[in-house]
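A closer look at the structure
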Amino acid sequence: MKKPLFTDSGIEIKPVYSKEDSVLFPPPPEAPGELPYTRGVQADMYRGKLWTMRQYAGFSTAEESNKRYHYLLSQGVMGLSVAFDLTTQIGYDSDHQLSEGEVGKVGVAIDSLDDIETLFKNIKLEDVSTSMTINATAYILLAFYVALAKKQGADLRKINGTIQNDILKEYAARGTYIYPPKPSMRIITDIFEWCSHEVPKWNTISISGYHIREAGSTAVQEIAFTLSNGKAYVQAALEKGLDINVFGKRLSFFFNAHNNLFEEVAKFRAARRMWTTIMKDLGATDPKAMMLRFHTQTGGSTLTAQQPLNNIARVTIQTLSAVLGGTQSLHTNGYDEALNLPTEEAARIALRTQQIVAYESGAPDTADPLAGSYYVEALTNEVEKKAWQLIDKIDAMGGSVSAIEQQFIQNEIAHSAYEFQQKLEKNEKIVVGVNKFQQEKDAAVPHFRIDDSIREQQTEKINSLKTRRDAGKVSSSLEEIRNKTVNGENIMPAVVEAVENYCTLGEVADVLRNIFGEYR
């Protein structure tokens, strides 16, 4: 008797699916664009408008990243996606002693409004959608962006983009947190409230399963933990008195796309259906507030340093899973990213992969093309069932914040990562070029490295800024942030004023560090 086969989430796969399975798992009766959005959030999906083709980019200095953005825009990118270095992500200026060795390495170094002005030089913010992968310091980076928009004379009501701003997954899977969970949740709800009045088209959070998956979770865990985190953010906003039918429309999600094509499609379909149920249960009545819109990035952890050109095929499969699953926005990884930051050639091939799927494959020609497949419909239901079981466990613990404090989510992810590695080492799971079909010598690929002189350049810029700015305004601006924070008022107006007066990222972050402390 042959061994049974399972998806990466442990769902058993039958040898064949037929009409009988369709009786057990009927296809959703609703059309695309209708609640609960199993088949997609738009009636005509990509026939009306293709997904936004983003390329995640940012490295070295704002000057160098600006050149890459102009290159990508010239190649057909529809929206920018900004990667920040680790020092920016955890609220230190480039001249801080803890920044040594990290400035500009995994993203662009941003210390002040000066840097943001350079980063978007000759790019009109009214004309481009910008996604920023930033969490603990999201409130500061949003303030920088708004301050620049105001300097450009833009109408803030027309500015659109996204800040990731998802701190719960940082505690669970990634680690770029600063403040403890409860103060962090307060900052996030301040952003929700302020943006609803000042920047109404801005997506105030991108609730992220991407990093949960990168840390080793399964597809089922990815959506269960992500939707549970989303539920916690909505509950926090409701406790603040915000209207779910208003802020609910500005929530977005960020998912991973891995190699198991059909399980990934089922995951995206199930997630939309589940989120509609969650939002309805929390009191939403406007269908648009129950709509799960999401950005996808192809799986970084699936890329191999061995035979790196094979990664082009992996990214193509992952691109198809995102498109067939109904994504609104997509970034495709460069084939060389297991080795270094993507070279210009690798970034171009990654973008061309999206464009070939868009214009040559036929995949976008009809909404939800895999609907009615006995296998896909059964898998969608199985993924949903298993994800609800996990969410029920988290709810029984008191929700995501409590489950993270009890290490439940972290331990579940770690267990899945360990199981995957065990299967790899026992050859129960095959990764081409890694544990099968190896070759002695891989083809050489160009390397893209950032040297440590970037920190010196950024430090010189900070020193120059501090001689030019009004020290009195800096001091009073930082004191105003302190007062608003202590008094429980919304901090965003004070943060925007502070960055307009050229307070640095580290100075603003330190005000809240001194009040809230750091999470250990």
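Here the structure is shown first, and the text comes after it.
In what follows, the accompanying structure is described. Computed from a predicted structure; not experimentally measured.

Here we come to the state of the cysteines. This model, assessed by the stated rule, comprises zero disulfides. C503 provides the cysteine sulfur closest to C195, a residue in no disulfide bond, and the two sulfurs are 20 Å apart.

Per the stated rule, a full pass over the model turns up three cavities of 30 Å³ or more. Approximately 70 Å³ is the volume found for the largest cavity. Taken together, 15 residues form the lining of the largest cavity, with M45, V323, G326, A367 and D368 sitting closest to its centre. A total of three residues in the lining of the largest cavity trace back to one element, the largest contributor, which is helix 12 (residues 310–325). Considered class by class, the residues forming the lining of the largest cavity number eight nonpolar, four polar and three charged.

Overall, parallel pairing links the nine strands, which are arranged 7-6-5-4-3-11-10-9-8 in an open sheet. At either end of the open sheet lies a strand with only one pairing partner, and these are strand 7 (202–203) and strand 8 (205–208). With five bridges connecting them, strand 4 (residues 79–83) and strand 5 (residues 129–133) associate as parallel partners. Following the sheet pairing, L80 is matched in strand 5 by T130. Those strands touched by helix 13 (residues 344–359) are strand 3 (52–57) and strand 11 (329–331), and its axis lies near 170° from that of strand 3.

With that out of the way, let us pick up the packing of aromatic side chains. Inspection of the entire model under this criterion finds 17 aromatic pairs. Each ring, one from F253 and one from W275, has its centre 4.8 Å from the other, and the planes form 70°; the classification is edge-to-face. On the criterion of sequence distance, the pair formed by F253 in strand 9 (residues 251–257) and W275 in helix 11 (residues 261–281) is long-range, its members being 22 residues apart. Overall, W275 belongs to the buried group, its relative accessible area being 0%. An angle of 50° between the planes, with centres 6.3 Å apart, marks the rings of F255 and F268 as tilted. Residue F255 is located in strand 9, and its partner F268 is located in helix 11; the two are separated by 13 residues in the primary sequence. For the residue pair F255 and F268, the accessibility class agrees, reading buried in each case. Put simply, the rings of F253, F255, F268, W275 and F294 touch in pairs and so form one group of aromatic residues.

The next point concerns the pattern of salt bridges. Here the structure, examined in full by the defined rule, presents 30 salt bridges. Between K231 and D395 there is a salt bridge whose closest N-O contact spans 2.8 Å. Here K231, found in helix 9 (residues 219–239), pairs with D395, found in helix 14 (residues 374–396); they are 164 residues apart in sequence, far enough to count as distant. Using a relative accessible area of 32% as the deciding quantity, one classes D395 as partly exposed.

Thresholds, definitions, all that
Residues numbered from 1 in each chain as written. Predicted model: local features only at pLDDT ≥ 70, side-chain atom pairs only at ≥ 80, totals over all residues. Heavy atoms only, no water. Disulfide = S-S within 2.5 Å. 1 Å grid on protein atoms, 1.4 Å probe; cavity = no way out; pocket = protein on both sides within 12 Å on 5 of 7 lines; lining within 4 Å. Points joined across faces, edges and corners; volume = space filled by probe spheres on them. Helix = DSSP H or I, 4+ residues; strand = E, 2+ residues; numbered from the N terminus. Nonpolar A, V, L, I, M, F, W, Y, C, P; charged D, E, K, R; others polar. Pairing = 2+ DSSP bridges. Contact = heavy atoms within 4.5 Å. Axes fitted to C-alpha atoms, helices over the stretch in contact; angles between N-to-C directions. Phe/Tyr/Trp six-rings, centres within 6.5 Å; stacked < 30°, edge-to-face > 60°. Buried < 20%, exposed > 50% of the residue type's maximum accessible area, 1.4 Å probe, protein only. Salt bridge = Lys/Arg side-chain N within 4 Å of Asp/Glu carboxyl O.

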